[in-house]
Amino acid sequence: QVQLVESGGGLVQAGGSLRLSCAASGRTFSGLAMGWFRQAPGKERDFVAAISWSGGVTYYANSVEGRFTISRDNAKDTVYLQMNSLKPEDTAVYYCTVQKYNSPRYTSESDYNYWGQGTQVTVSS
């Protein structure tokens, strides 16, 4: 049974930082990209960032470019999202996911399968 478990969400003031983690288990995701999406209240789930299997290629949504950094540790089957300079508009449930391919530039939900349960990030103004 595949499991993706996110952690690290919480409440933070604008300008602050959080680091999300996503631990994968149940099967190997060798050779596949991984990513983060987010869903704000009343809105669709949107792409945030993705990283190739090797970690050498990353891709970000324009709204988080320069503030968020995605990374992964394949030895630990874990992907991270370092979020700096957080803004109230970053408030959302953040989801970890595994891509069907190894192409971080694919940003559609249909390019991904296996989703975590999500972790809430709330940024106060």
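Heads up: the structure comes first, above all this text.
Residues numbered from 1 in each chain as written. Predicted model: local features only at pLDDT ≥ 70, side-chain atom pairs only at ≥ 80, totals over all residues. Heavy atoms only, no water.

Peer 1: Outline the overall build of the protein chain, supporting the account with residue identities and numerical values.
Peer 2: Looking only at helices and strands, one finds 0 helices and 11 strands in the protein chain. Walking the protein chain from its N terminus toward its C terminus, one meets helices and strands in the order β-β-β-β-β-β-β-β-β-β-β. Relative to the 2.2 N^0.38 estimate, which gives 14 Å for 125 residues, the radius of gyration of the protein chain is 13 Å and therefore close to what a compact globule would have. Taken over the C-alpha atoms alone, the protein chain extends approximately 40 × 25 × 25 Å along its principal axes. Split into buried and exposed, the 125 residues of the protein chain put 42% on the buried side. (Helix = DSSP H or I, 4+ residues; strand = E, 2+ residues; numbered from the N terminus. Rg over C-alpha atoms; globule rule 2.2 N^0.38 Å. Buried < 20%, exposed > 50% of the residue type's maximum accessible area, 1.4 Å probe, protein only.)

Peer 1: Could you give an account of the state of the cysteines, naming the residues involved and the relevant values?
Peer 2: Going through the model one piece at a time under the given rule, you end up with 1 disulfide. Note on cysteine connectivity: Cys22 is disulfide-linked to Cys96, with sulfurs 2.1 Å apart. Its S-S torsion of about -75° marks the bond between Cys22 and Cys96 as left-handed, since a negative value means left-handed. You can see Cys22 sitting in strand S3 (residues 18–25) and its partner Cys96 sitting in strand S9 (residues 92–99), a full 74 residues away along the chain. (Disulfide = S-S within 2.5 Å.)

Peer 1: Can you tell me about unusual backbone geometry, naming the residues and giving the values?
Peer 2: Residues other than glycine seldom take positive phi values, yet Asp77 does so here, at roughly 50°. Its location among the elements puts Asp77 in the loop between strand S7 (68–73) and strand S8 (78–83). Despite not being glycine, Tyr114 has its phi angle at roughly 60°, a positive value. Mapped onto the elements of the fold, Tyr114 is located in strand S10 (residues 112–115).

Peer 1: Explain the pairing of strand S1 (residues 3–7) to me, using residue names and the numbers behind them.
Peer 2: Only one face of S1 is buried, namely the one carrying Leu4 and Glu6, since none of Gln3, Val5 and Ser7 on the opposite face is buried. Two elements, S1 and S3, share 5 bridges in a ladder whose sense is antiparallel. Bridge pairing links Leu4 to Ala24 in S3. (Pairing = 2+ DSSP bridges.)

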